[in-house]
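Coordinates in review
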Amino acid sequence: MGIAGGFVFSVFVQHVTPGAFVAGMTLLTGLPEIVISLCKAALFGMAASMIACYKGMSVGGGPAGVW
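Residues numbered from 1 in each chain as written. Predicted model: local features only at pLDDT ≥ 70, side-chain atom pairs only at ≥ 80, totals over all residues. Heavy atoms only, no water.

Along its length, the protein carries four helices and zero strands. Mapped in sequence order, the helices and strands of the protein form the string α-α-α-α. A compact globule built from 67 residues would reach a C-alpha radius of gyration of about 11 Å, whereas the protein, at 20 Å, exceeds it by more than 25%. By principal-axis analysis of the C-alpha atoms, the protein measures approximately 60 × 30 × 10 Å. Put simply, the protein has 67 residues, and 4% of those count as buried. For the protein, the accessible surface area stands at approximately 5,700 Å², while carbon and sulfur atoms represent 79% of it. (Helix = DSSP H or I, 4+ residues; strand = E, 2+ residues; numbered from the N terminus. Rg over C-alpha atoms; globule rule 2.2 N^0.38 Å. Buried < 20%, exposed > 50% of the residue type's maximum accessible area, 1.4 Å probe, protein only. Areas by Shrake-Rupley, 256 points an atom, 1.4 Å probe, with all protein chains shown as cover.)

Okay, structure coming up:
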């Protein structure tokens, strides 16, 4: 989503050509950045799912407690 947002902002607001955006992106993004972003996304997803499962399993009061 961040790359898509950067693309939209660059092309439509700053009037950069799409080809120049893609060519410049390969200069700033390498394998280490990709690996770090995938690990970060996995950790955030795991944390969110663990918190949601804990909150769902520890609810009390029946259906009214879910609210």
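This paragraph deals with the environment of Ser37. Tracing the backbone through its elements, the reader meets Ser37 in helix 3 (residues 31-57). The partly exposed category is assigned to Ser37, whose relative accessible area is 39%.

It is worth spelling out a nonpolar patch on the surface at this point. The grouping of Val8, Phe9, Phe12 and Val13 at the surface amounts to a nonpolar patch, some 410 Å² of accessible area in total. Here Val8 shows up in helix 1 (residues 2-13). On the basis of relative accessible area, Val8 is assigned to the partly exposed category, the value being 43%. (Patch = residues over 30% accessible without salt bridge, like charges linked within 9 Å, V, L, I, M, F, W, Y side chains within 5 Å. Salt bridge = Lys/Arg side-chain N within 4 Å of Asp/Glu carboxyl O.)

Another point: the packing of aromatic side chains. Scanning all chains against the criterion turns up one aromatic pair. Look at Phe7 and Phe21: their rings are 5.3 Å apart centre to centre, the planes differ by 75°, and that puts the pair in the edge-to-face class. Separated by 14 residues along the polypeptide, Phe7 in helix 1 and Phe21 in helix 2 (residues 18-28) bring together distant segments of the chain. The exposure class assigned to Phe21 is buried, which follows from its relative accessible area of 18%. (Phe/Tyr/Trp six-rings, centres within 6.5 Å; stacked < 30°, edge-to-face > 60°.)

Okay, helix 1 next. Taking 1.5 Å per residue, 12 residues should reach 16 Å; helix 1 reaches 16 Å between its end C-alpha atoms and fits that length. Within two residues after helix 1, His15 carries a phi angle of roughly 60°, on the positive side. (Expected span 1.5 Å × (residues − 1).)

Taken residue by residue, the protein gives an average pLDDT of 90. The fraction at 70 or more is 99%. No element of the protein has a lower mean pLDDT than helix 4 (residues 63-66), at 74, and none a higher one than helix 3, at 94. (pLDDT = per-residue confidence, 0-100.)

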